[in-house]
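# A structural walkthrough
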Amino acid sequence: MGSKEQKREKALPAVLYLVIPCFNEEEVLEETARELLAVMTAMTDTGLIGPKSRILFVDDGSMDRTWEILEKLGKSSPLVSALRLRANAGHQNALYAGLMEAKDCCHMSISMDADLQDDPALIPAMVEKFYEGNDIVYAVRKSRRGEGLFKRASAFGFYRFMKALGGPMPKDCGDFRLMSREAMEALSLFGENRPVLRGLAPLLGFPSAQVIFDRRSRRRGRSKYSVKSMMRFAVDGVVSFSAAPIHLIFFLGIGLFLAAGGYLLYTAGREPGVRQILGTIWAAAGLVLMGIGAVGQYVVRIWREVTGRPRYFVRERLGEYAGGDEGEEECR
């Protein structure tokens, strides 16, 4: 065994934190907690994880009874902890907030959504991969049950489009992911205002593994991830990890210039038709607007980073979990 495996063998059983961002999830939250508590208890009883392991819910500025339910769950089980943000910071920032809270008081974390589409039964297999020496374990979706045609088609196209652009995002991997303490420490060094965590994780360069699963249908309620949110996430993903759109516009501009030059030579001495003139103008105008829009996305991204605004504000914490130096000492 290598030094990493020996170190982890000595640290057995390791402390695991489940990090669950949630926004207006009152309909499914209690069922989610029951299923996760059953998995955590079983792993603790078998010695797979340590007794200080916790479930850390992150309330991303919910406007329903989400926090009220979390308070109730926290009173009924010492395994349930929660972090409440002052306002909605967005899914990725809420998840990042939970990981930053967890990193000082656990050896590994597993992030997953609150709607139970990410199968909790996969958690023990991911933990086993951690003990084998992997700092990051990706849960790869084999199928996507209960999702509409648009959602499946857009997800299929997005991951393959990112791969074509040379982006680092693993194909068909969402935010159902295990990260070691070392990986979370490295992640904390990224200062991006709107992080795309599933793209940042591969950039850390840590040993990684994958587990395959069939994504389940949502148990209750409706997804809070609107088409607008999906489009914003897709744009953030492209702009964060690839300059290909700018290069594409540049070469399209060259192609249009050459085509226009060829057209002018071909029609030299002829009376141009109105349709041809309008078509050329509209094509050029469309390309210019597209180029301005592409550059604008990068400029907006730069503006967000330059302002340096905080990603989130914590309103309150719930449950028995340690943070800071005290939690770090407990985990070591």
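What comes next concerns the included structure. Computed from a prediction, not measured in an experiment: that's the story for all the values here.

### Here we look at the environment of glycine 293
- Within the secondary structure, glycine 293 sits in helix 11 (residues 274-307).
- Relative accessible area serves as the criterion here: at 34%, glycine 293 is assigned to the partly exposed category.
- It is 9.9 Å that separates the C-alpha atoms of glycine 293 and isoleucine 246, two residues lying 47 residues apart in sequence.

### Looking at the packing of aromatic side chains
- Enumeration over the complete set of coordinates arrives at two aromatic pairs.
- Look at phenylalanine 176 and phenylalanine 213: their rings are 5.5 Å apart centre to centre, the planes differ by 90°, and that puts the pair in the edge-to-face class. Here phenylalanine 176 is found in strand 6 (residues 173-180), whereas its partner phenylalanine 213 is found in strand 7 (residues 208-215), with 37 residues between them in sequence.
- The buried category is assigned to phenylalanine 176, whose relative accessible area is 2%.
- Residue classification places phenylalanine 213 among the buried positions, given a relative accessible area of 6%.
- The ring of tyrosine 96 is capped by arginine 311, whose NZ or CZ atom sits 4.1 Å from the centre of that ring.

### Describing the pattern of salt bridges
- Summed over all chains, the structure comprises eight salt bridges.
- With a shortest N-O distance of 2.9 Å, arginine 84 and glutamate 316 are connected by a salt bridge. One end of the pair, arginine 84, is in strand 3 (residues 80-85); the other, glutamate 316, is in strand 8 (residues 314-318), with 232 residues separating them in the sequence.
- You can call arginine 84 buried: its relative accessible area is 18%.
- Lysine 103 is paired through a salt bridge with aspartate 104; the nearest N and O atoms lie 3.5 Å apart. Aspartate 104 carries the same exposure label as lysine 103, and that label is buried.

What counts as what
- Residues numbered from 1 in each chain as written.
- Predicted model: local features only at pLDDT ≥ 70, side-chain atom pairs only at ≥ 80, totals over all residues.
- Heavy atoms only, no water.
- Helix = DSSP H or I, 4+ residues; strand = E, 2+ residues; numbered from the N terminus.
- Buried < 20%, exposed > 50% of the residue type's maximum accessible area, 1.4 Å probe, protein only.
- Phe/Tyr/Trp six-rings, centres within 6.5 Å; stacked < 30°, edge-to-face > 60°.
- Lys NZ or Arg CZ within 6 Å of the ring centre and 35° of its normal.
- Salt bridge = Lys/Arg side-chain N within 4 Å of Asp/Glu carboxyl O.

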